[in-house]
Amino acid sequence: SAIWTGGAKGCDTLGKKLAMELGLNYAELHPNYARYGRNYAPLQRNEELVQLTEATLGVCYGMITNGTMHTLEASRKAKHPTMLINAQNEDEHQLH
């Protein structure tokens, strides 16, 4: 098993820490701005992350970001288990 992230600060950093604590493999996939440009690179990276994984966990605090929403939608389209945790309200966890 492995934890993949986009390498951002915040929840991605926590994912890395969790992987290390659990002895899981960890990998980051950064946007390829040179190939896909500033606007499309993060979206392309999100789609690639979904293809590399078997399930997706999105975490937000209140409002969900466009990038997290895009990744969750791509995961659902791929028919992967998908979960969103709203850290602002522990009662709002959704499993799809």
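Note that the coordinates shown come from a computational prediction; the quantities given were computed from them, not determined experimentally. Think of each chain on its own: its residues are numbered from 1, step by step along the sequence as written. Restriction of local features to residues with pLDDT of at least 70 applies here, the model being predicted, together with a cutoff of 80 or more for giving and counting side-chain atom pairs; totals for whole chains, interfaces and linings are based on all residues. To get the side-chain values, all heavy atoms of the structure are used, and hydrogens and water are removed first.

Some thoughts on the packing of aromatic side chains
Aromatic pairs are defined between Phe, Tyr and Trp rings, using the six-membered ring for Trp, whenever the two ring centres lie within 6.5 Å; interplanar angles under 30 degrees are classed as stacked, those over 60 as edge-to-face, and all others as tilted. Scanning the entire structure with this criterion turns up one aromatic pair. Judged by centre distance (5.8 Å) and plane angle (70°), the ring pair of Tyr36 and Tyr40 falls under edge-to-face. Here Tyr40 and Tyr36 lie together in helix 2 (residues 33–52), a separation of four residues that amounts to about one turn. Numbering of helices and strands runs from the N terminus, with a helix taken as a DSSP run of H or I at least four residues long and a strand as a DSSP run of E at least two residues long.

Concerning unusual backbone geometry
Despite not being glycine, Lys79 shows a phi value in the positive range, around 60°. Within the element layout of this structure, Lys79 appears in the loop between helix 3 (66–77) and strand 4 (82–86).

Points about the state of the cysteines
Two cysteine sulfurs form what is called a disulfide whenever their separation falls within 2.5 Å. Per the stated rule, a full pass over the model turns up zero disulfides. Here Cys11 stays unpaired: no disulfide links it, and the sulfur of Cys60, its closest cysteine neighbor, is 8.6 Å away. A residue is classified by how much of its surface remains accessible, and Cys11, at 39% relative accessible area, is partly exposed. Partly exposed describes any residue whose relative accessible area lies between the buried limit of under 20% and the exposed limit of over 50%, with all areas from a 1.4 Å probe on protein chains only and scaled to the type maximum.

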